[in-house]
Amino acid sequence: MVSQNILLEGFDVSSAELCQTQPMIQLGIQPCLSGSCLCLSPMVFPGQLSLLWQCVGGKCFCSFSWEGCVFRLSDPPWFSDSQTLTGVVFIESGVILILTKLYDFNLGSVTESSLWRSTDYGTTYEKLNDKVGLKTVLSYLYVSPTNKRKIMLLSDPEIESSILISSDEGATYQKYRLNFYIQSLLFHPKQEEWILAYSLDQKLYSSMDFGRKWQLMHERVTPNRFYWSVAGLDKEPDLVHMEARTADGHTHYLTCRIQECSETKRSGPFSRSIDVSSLVVQDEYIFIQVTTGGRATYYVSYRREPFAQIKLPKYSLPKDMHIISTDENQVFAAVQEWNQNDTYNLYISDTRGVYFTLALENVKSSRGLEGNIVIDLYEVAGIKGIFLANRKVDDQIKTFITYNKGRDWRLLQAPSTDLRGDPVLCQLPFCSLHLRLQLSENPYTSGSISSKETAPGLLVATGNIGSELSYTEVGMFISSDGGNSWRQIFEEEYNVWFLDWGGALVAMKHTSVPIRHMWVSFDEGRSWTKYSFTSTPLFVDGSLVDPGIETQIMTVFGHFSLRSEWQLVKVDYKSLFSRRCTKDDYQTWHLHNQGEPCVMGERKIYKKRKPGAQCSLGRDYSQTVVSEPLCDSGDFDYGYERHSNNQCIPAFWFSPSSLSKDCNVGQNYWNSTGYRRIVSNNCTDGLREKYMAKMEKCPGKAPRGLHILTSDGKLVMEQGHNATFIILMEEGDLQRTNIQLDFGDGIAVSYANFSPVEDGIRHVYKSAGIFQVTAYAENSLGSDTAVLFLHVVCPVEHVHLSVPFVAIRNKDVNITAVVWPSQAGTLTYFWWFGNSTKPLITLESSISYTFTVEGMNTVTVQVAGGNTLIQDTKEIAVHEYFQSQLLSFSPNLDYHNPDIPEWRQDVGKVIKRALAQVTGIPDEQILVALFPGLPTSAELFILPHKNTTERRKSSEADLEQVRKEGFMEYLFLSYLLTITPLVDSSSSHSSSAMLMLLSVVFVGLAVFLIYKFKRKIPWINIYAQVQHDKEQEMIGSVSQSENAPKITLSEFTDPEELMDKELDTRVMGSISTIANSESTKEIPNCTSV
């Protein structure tokens, strides 16, 4: 028995010229002992076939001897079972490069890679790991599109950042280290040395020497949104189009040359910011998207002209747009509208890509493997104007075809017979043929539908017959006449590849079970020949088909089992083509649309090889003869719709005269009849006069539909920055209409016509506020006005939440947010109380709130202004009632007050500690809160006991003890006392609420604070000494009574003695109610720039 790990490999047909026979497939080699080799036939051959195994050097070699032709195997490569095929490069000289990687599932990364090279179309391979570095792990393989001798390899960015360059078809390599990690490369379409590299950190680099040296172009480029210049359209061949974020944080469309891409050298062809991932540069067109107020607007530049807004039908309201095709100076686009979720509408444009008309509604869409949108639309290769689309009709998916680029669509006619020749009962429109139109995302499979430029009219697709598309009951169908008629070729799904420029078809069953056969057809699928390509069934993973096709070589790869190594089977079909085709091997074929010979305005006649002629076609076999018959009616113009009588009339929302707004009095314009010739339609006669646009004189019109908007679509602008206003007008003579723009801040500008304002009008606001911006347009026939309200803001820098330290339960509390700078413009305030998850939102900086729960309650405010959002948080002690006393201090303390939260908290702790020591009041019932600012002042709160039955009596007694006994005794040591009224929060004691106000001069405390905090305040360097040149008289700073008795400093203990005692005071804890975010640092008002 041949062991499971035997490698199926291509064969060396050195004698193929002598043996013009069936395709040959060779068996590979296996380890062996002398006499233990066994050779099995890889396929069933007609004629005499002899196979001979020989054990040479411990390996089995198999030789074929068939009717005098001998074939000999060479040593093939071996691939590890866990390595994945990640890159294949074919070079016309016969070189094939294969890159494989080993993924370690335990480590979650690639740990090894192997590079293989063949110089004989895959007959033998050489492992090149020693030439690229045995420890080098490769990630990607690139070949220059303009010079396939040049190869570039990228290392795995998780291990190192380097590239390897080859200029001899991958035979030798030079390694270059990089200081960035490459994510993708983009080669220039003309210059083989020019490359763009996109890094993992969204930077774009350029190289002009095939990657040996790199230069940074931009640091914030959107992935996959950079493009090379287009020859014939861009002036400089090294120009790069890119979508990038600029310093203002917005996304812009930028252009620059690869060696001159500094910030001053970059240009912005579109003055406004654009949506992220919206830039598309394709052929003659450039597309961008701008979203304003939740609605997307699309713009197009044709042949690098100024951008124009794309005009879809008025009520299309697009959510998404994809460019399908830009062939032949016309745009085919798929648009998802406001009422669609899994379908898109197809639109076709005029030459400039500005005006779009509906081509087909409700085309099916789906998500690809990478989350990308996939539209079920397929453009047939080789013939312009033929498209297939899967459309949703009454919740059923049906396949339609068009021959005139979307003007007319019809269902596909099902085959008349099945594979067994029995008639198929399928009548339009109730039954038709439906096809799966997805292209393969796997480059090694053919996909569900395929066609070739070199095989016009030939289509192969997976589908079913019935009332709708099915994904379970499928078969394979083929058309030889461009989709007019179809034949079934298989009852299951197959991969079908084109060989010999479409002269041969190779089919292999698409299945998850191992197979051993393939089928070949030389008559466009009418008959198939079955071949075995392996003696042991193979799990086929894909097929590598030489893109040159002329070599008639393909390589099948797969596994014998899930754990076996890679198996390669090379199939060379040269021997099947006995000669080159001559003129006698061709026949003519007329392209038609259900019998109508005029397709896209011309009659096309193709030459195709006669069925059964096994001759090689070559590159130039297809010849097309074109005649010019009469025209048909063409497509519908923008704003027009087809009605039941097949007449073209304006839509209800469309005024045909509106298209003349760019036309000035005295000039002429082309007035549409509702029809337009399809751009790629080549008709030159017939009904042209009836349907072509008529030339008319431009009418004079009053301004109508005046609009004003900002360049970025936003209604908020920072003070001191440029505000750019765009003025648009739907109707009116642009050259004879005066424009006036009033900015709302006392400044206005006027223009004689629209020419100076096309790129926008710029203005800088010097103050914050809400400004009414008014645009006024006037000509001799009338006028129009548009208004915009612009919010100009100054970025807020700081917010301080001003709250009372203690509040009474179930009574309103006033809370204020103080914002710096004070003139910040329109602000929005978000208020959170306690554990609430939904904020209260106001435009005022103050709010009144009632707390219902006793204890510590959290208040948070967020302030939003422009693009800035800041917040502050405070805590409020909420109780049923409380007692409070206002305190003021000596100006000496003000001199040492840095006015920061930490200082106020520590001073409050000192006072609280002293009070608790001398009065015996529990620490948790005392709250001392110092106020921000100068002069230094504070408020003393005596909170109630937790025992609700005793807390009112205790609170009053405690405060009385502080006032008459404890605090007086303490003050006898060091304080100056002034008696003033005290506030009682209890409503029942309103008559006795006015008690006394204490005005304290605490010089010893000031000395202590200076000693304690002088190292924390770097800008203060003061010794802790107090001079008493004369006695001072202090007056309380908060609501102090003029008639209150005063006590002088000489009656108290020396301050230094008090300081020593205070340092020995036992710390009993504190309650802090001033948040760390407090600051009274002076912030200047926002001024003009």
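Residues numbered from 1 in each chain as written. Predicted model: local features only at pLDDT ≥ 70, side-chain atom pairs only at ≥ 80, totals over all residues. Heavy atoms only, no water.

## Observations concerning the overall build of the protein
For clarity, the threshold we go by: Secondary structure elements are taken from DSSP: a helix is a run of H or I of four residues or more, a strand is a run of E of two residues or more, and numbering for both begins at the N terminus. When accessible area is computed with a 1.4 Å probe and restricted to protein chains, residues below 20% of their type maximum are described as buried, those above 50% as exposed, and intermediate ones as partly exposed. We call two residues contacting when some pair of their heavy atoms lies within 4.5 Å. A 1.4 Å probe and the Shrake-Rupley method give the accessible areas. Residues count as covered only by the protein chains that appear here.
When its secondary structure is counted, the protein shows seven helices and 77 strands. Classification of the 1089 residues of the protein by burial places 53% in the buried group. Looking at the protein alone, contacts between residues at least 24 apart form 53% of all its contacts between residues at least 6 apart. Per element, the accessible surface of the protein, about 50600 Å² overall, is 49% carbon and sulfur.

## Concerning the state of the cysteines
By definition, a disulfide links the sulfur atoms of two cysteines through a covalent bond. Here is the rule: Pairs of cysteine sulfur atoms within 2.5 Å are identified as disulfides in what follows.
Under the counting rule described, the total for this entry stands at three disulfides. Covalently, C426 is tied to C431 through a disulfide, its sulfur atoms 1.9 Å apart. Between C426 and C431 the sulfur-sulfur dihedral comes to about -105 degrees; the bridge is accordingly left-handed. Like C431, C426 is buried.

## Details of the side chain of N495
Our working definition: Counting of polar contacts relies on pairs of N or O atoms within 3.5 Å, with two restrictions inside protein: one atom must be capable of donating a hydrogen and the other of accepting it, and residues adjacent in sequence are counted only when both atoms are side-chain atoms.
Within the fold, N495 resides in strand β39 (residues 494–499). Engagement of the side chain of N495 in a polar contact is seen with the side chain of S446, the distance being 3.2 Å. Sequence-distant contacts of N495, defined by excluding residues within four places in its chain, comprise T445, S446, G447, V506, A507, M508 and H510.

## Section: the confidence of the model for the protein
Using the following cut-off: Every residue gets a pLDDT, meaning the predictor's confidence in that residue, from 0 to 100.
Residues at a pLDDT of 70 or more form 71% of the protein, whose mean pLDDT is 75. Mean pLDDT across the secondary structure elements of the protein bottoms out at strand β1 (residues 8–9), with 28, and peaks at strand β34 (residues 432–435), with 97. Note on residues 1–82: pLDDT is under 50 here. Beyond four places in sequence and across chains, it has 215 contacts. Per-residue pLDDT stays below 50 along residues 965–1089; that stretch engages in 243 contacts with residues further than four places along the chain or on separate chains.

## Examining the pattern of salt bridges
Our working definition: Any carboxyl oxygen of Asp or Glu that lies within 4 Å of a side-chain nitrogen of Lys or Arg is treated as forming a salt bridge with it.
One pass over the structure, following the stated rule, counts 25 salt bridges. Across the salt bridge formed by D418 and R420, the nearest N and O atoms sit 3.7 Å from each other. By relative accessible area, which is 58% here, R420 ends up exposed. Put simply, E492 and K509 hold a salt bridge, and the shortest N to O gap is 3.0 Å. Highlighted residues: E492 in the loop between β38 (487–490) and β39 and K509 in strand β40 (residues 504–509), separated in sequence by 17 residues.

## What to know about the packing of aromatic side chains
Here is the rule we go by: Stacked, tilted and edge-to-face are the three classes applied to pairs of Phe, Tyr and Trp rings, where Trp contributes its six-membered ring and a pair requires centres within 6.5 Å; stacked means planes under 30 degrees apart, edge-to-face means over 60, and tilted covers the rest. A positively charged side chain is recorded as over a ring if its NZ (Lys) or CZ (Arg) lies within 6 Å of the ring centre. The angle to the ring normal must also be within 35 degrees.
Inspection of every chain in the model, using the stated rule, returns 28 aromatic pairs. One aromatic cluster is present, formed by Y140, Y142, F187 and F210 through successive ring pairs. Geometry around Y140 places K101 over its ring, the cationic atom sitting 5.5 Å from the centre. Taking the ring centre of F400 as reference, the NZ or CZ of R391 above it sits at 5.8 Å.

## Looking at the sheet that holds strand β59 (residues 722–731)
Heads up, the condition is: The pairing criterion for strands is at least two bridges between them, as found by DSSP. Note on method: axes are straight lines fitted to C-alpha atoms, helices fitted across the in-contact stretch only, with angles between N-to-C directions ranging 0 to 180 degrees.
Taking strand neighbours across the sheet as the criterion, the three strands line up as β57-β59-β62 in an open arrangement whose pairing is antiparallel. Either end of the sheet is taken by a strand with one partner, and the two such strands are β57 (704–710) and β62 (761–764). Taken pair by pair, the neighbouring strands of this sheet meet at an average axis angle of 25 degrees, ignoring direction. One ladder, built from six bridges, connects β57 with β59; its direction is antiparallel. By the bridge assignment for β59, T710 is matched with F725.

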